[in-house]
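Report on the structure
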Amino acid sequence: MSPEEKKLFIVSNRLPIMVARDGDEWMVNASSGGLITALAPLMKRNHGIWLGWPGCGPEAPVESLLEAHSAEQGYELRPVTLEEEQVEKYYRGFSNQTIWPLFHDLLGYCDFNAENWNFYNLVNERFAASVADFLKPDHFVWIHDYQLMLVAHFLREMGIDTHLNFFLHIPFPSCDLLRRLPWKYEIIEGLLQYDHLGFQTAHDRRNFVQCVRSLIPEAAIKGHRQRSEIILEGRTVKLGTYPISIDFDEFNSFARSKEVADAAWFVHENIPKRTLLLGIDRLDYTKGIPERFLAFERALEKYEDLRKQISLVQIAVPSRTKVPQYRDLKEDLDTLAGRINSRYSTEGWVPIHYMFRELNRTQLLGYYRACEIAFITPLRDGMNLVCKEYCASSIDNNGVLILSEFAGAADQMAKGALMVNPYDLEGTADAIYAAFIMPGDERQKRMKALRAEVRRNDVQRWIDWFLQSDQAG
Ligand code: GDG
């Protein structure tokens, strides 16, 4: 049976919904985020199963809530409920305070805590047990992301030899960085229990191969241009590069709707006669928001003709608010935006419009359409879907994209975007000015190239690549 004929069985830390208590009642709320945005359309078509944490513990009547929601969504949602201590140590602890910063090259943020590691194992084992409960022979099992790197290991321990696929949404670090992790062998050996590993970029895949070469010298490595294979103890693990993307057509057509046009008009009506520079990110230290504010400040300092002519609109979506480093970042940004605004604001002009909130989809596309320049400068990012969504929504081909060279998307977008090193404030300030003065025909040429790239390599292509590579050879 080919992967296309099978039923998709997606496993991820979070379900695409959250169950939460509202007074005496339990509510199901749809969530947002890169993975959900990418997979939901396919799951609906395929009537698949999605297994993950619904955001609550075993006290919620989760089965009945999800049954109703599954019928609505068009695919089955299966919960792995977690106790608060598990969420604290597996998710906020090991996943988000060890793996997340380490894999984004930010060693200084890492907390290497043995108890959190134990909980990471325990919860991965629970996920594996739930997969085993629902697994059928016609399933194509596709496990996602850094929270669940050990699920295959525990399934193998249970004697399950089903073909297992994994996709890593975040970068894979260099060997020098991974070596700092006290549990590096367990992570690498655990990942090698999958049959097929997908990475966002060739760079991530090469980093993984280097780690295997250095830590497991008995592994044989065969290299291809797009793929590699690792042969160990008689098993072959396929490695591929699959840059994730978006549903181009969906953004392209929704961006033309009257409601989005109205939302875009509203944005400019409130900040009239300015060129708008847009940043939209989860509030996360990997996204380079303080550096972005400083580069913007440097641009105002260096290029006087930008003053009163340009404003930075930064939407910071609340994220991981219980992790101390995220709360600190929020405070730092509040101070920084306040300092820059007090330094430069004049009557009728505020340099930084900074909002700590989530937008609905119409507002999100309204901002994409209204803002003349997208300013997307992560210090490190697995891919970054916001930059692709901005291009797909730029229906008049008039937007300019400033993009960090450390986003996974840089490989595909470098030809049309103005590429920057977010640590280089001077160079980034110059890119802001270059975007501001860019002639219309050059904007059009660049944005057409970017839109063609995102249209060609859309999310369906990503899924096809992954499924077909799994089938090939
Ligand atoms: C991880 C990796 C990788 C954002 N603000 C709002 C909103 N969003 C949506 C965007 C986009 C998604 O959230 C963010 O995706 P990103 O890719 O930019 O970033 P992460 O959340 O860090 O995602 C990343 C991704 O996984 C996929 O593999 O690209 O590198 O870190 O879709 O539209 N949506 C709504 N309101 C907002 O205010 N509705």
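Note that the structure is predicted; figures quoted are calculated from it, not measured. Sequence order as written defines residue numbering, which begins from 1 separately in each chain. Given that this is a predicted model, residues contribute local features only at a pLDDT of at least 70 and side-chain atom pairs are listed and counted only at 80 or more, while totals for whole chains, interfaces and linings are drawn from all residues. Think of the side-chain values as coming from all heavy atoms in the structure, minus any hydrogens and water.

Re the site of the ligand
Taken together, the neighbourhood of the ligand is formed by 22 residues, with His 169, Leu 359, Asp 381, Leu 385 and Glu 389 sitting nearest. Here a nitrogen atom of the ligand and a backbone polar atom of Leu 359 are 2.6 Å apart. Only DSSP runs of H or I with at least four residues qualify as helices, and only runs of E with at least two residues qualify as strands; both kinds are numbered from the N terminus onward. Sorting the residues of the shell around the ligand by element identifies α1 (34-46), β12 (275-282), α13 (361-370) and α14 (386-393) as the ones contributing at least two each. Counted by class, the shell around the ligand contains 10 nonpolar, 7 polar and 5 charged residues. For the shell around the ligand, the domains that each give at least three residues are domain 1 (3-244 + 460-471) and domain 2 (250-455). The criterion for a residue being near a molecule or strand is simple. One of its heavy atoms has to lie within 4 Å of it. Identification of polar contacts relies on pairs of N or O atoms within 3.5 Å, with a donor-acceptor requirement for protein atoms, meaning one able to donate a hydrogen and the other able to accept it, and with residues adjacent in sequence counted only if both atoms are side-chain atoms. For this classification, Asp, Glu, Lys and Arg are treated as charged, while Ala, Val, Leu, Ile, Met, Phe, Trp, Tyr, Cys and Pro are nonpolar and the rest, including Gly, are polar. Those domain boundaries reflect an automatic or database domain assignment.

Let's talk about the sheet that holds strand β4 (residues 49-53)
The 9 strands lie next to each other as β5-β4-β1-β6-β7-β8-β11-β10-β9, forming an open sheet whose pairing is mixed. Every interior strand has two partners, whereas the edge strands, β5 (76-79) and β9 (220-223), have only one. Between one strand and the next, the sheet's axes are offset by a mean angle of 20°, whatever the strand orientation. Strand pairing is assigned whenever DSSP detects at least two bridges linking the two strands. As paired strands, strand β8 (residues 196-199) and strand β11 (residues 235-241) are joined by 4 bridges and run parallel to one another. Within β11, the position partnered with Phe 199 by the bridge is Thr 241. Throughout, a residue-residue contact means that at least one pair of heavy atoms, one from each residue, lies within 4.5 Å. A fitted line through C-alpha atoms serves as each axis, taken over the contacting stretch for helices, and the angle formed by two N-to-C directions is quoted from 0 to 180°. Contacts from helix α8 (residues 202-215) reach β8, β9, β10 (227-232) and β11, with the element oriented near 150° to β11.

Considering the pattern of salt bridges
By convention in these notes, a salt bridge is any Lys or Arg side-chain nitrogen within 4 Å of a carboxyl oxygen on Asp or Glu. Counted by the stated rule, this structure contains 27 salt bridges. Its salt-bridge partner being Glu 76, residue Arg 78 comes within 2.9 Å of it at the nearest N-O pair. A residue is classified by how much of its surface remains accessible, and Glu 76, at 27% relative accessible area, is partly exposed. In this structure, Arg 339 engages Glu 297 in a salt bridge whose closest nitrogen and oxygen atoms are separated by 2.8 Å. One end of the pair, Arg 339, is in helix α12 (residues 324-344); the other, Glu 297, is in helix α11 (residues 289-302), with 42 residues separating them in the sequence. Here's how the labels work: a residue is buried when its accessible area is under 20% of the maximum for its type, exposed when over 50%, partly exposed in between, all with a 1.4 Å probe on protein chains only. By relative accessible area, Glu 297 is classed as buried at 6%. One salt-bridge network, held together by shared partners, links Glu 297, Arg 298, Glu 301, Lys 302, Arg 339, Arg 343, Glu 426 and Asp 430.

Some remarks on the nonpolar core
As used here, the term nonpolar core means buried Ala, Val, Leu, Ile, Met, Phe, Trp, Tyr and Cys residues forming a set that is joined through side-chain atoms within 4.5 Å. By size, the foremost hydrophobic cluster in this structure holds 100 residues, and its most contacted members are Phe 172, Ile 188, Phe 208 and Phe 293. The biggest single contributor to this core is helix α3 (residues 84-103), with 8 residues. Each of two domains, domain 1 (3-244 + 460-471) and domain 2 (250-455), supplies a minimum of three residues to this core. Within the second largest apolar cluster, 69 residues are counted, among which are Ile 271, Val 313, Leu 364 and Ile 463.

Structural notes on the sheet that holds strand β16 (residues 400-404)
Where strands meet in a sheet, backbone hydrogen bonds hold them as pairs that are either parallel or antiparallel. An order of β14-β13-β12-β15-β16-β17 is seen for the 6 strands of this open sheet, with the pairing classed as parallel. Edge positions in the sheet fall to β14 (352-356) and β17 (418-420), since each of these pairs with one other strand and no more. Between one strand axis and the next, the sheet turns by 20° as a mean value, whatever way the strands run. Alignment of β16 against β17, held across 3 bridges, turns out to be parallel. Its bridge partner being in β17, Ser 404 is matched across the sheet by Val 420. Of the strands in this sheet, β12, β13 (310-317), β15 (373-376), β16 and β17 touch helix α16 (residues 425-437), which is tilted by about 165° from β17.

Geometric values such as these leave the question of function open.
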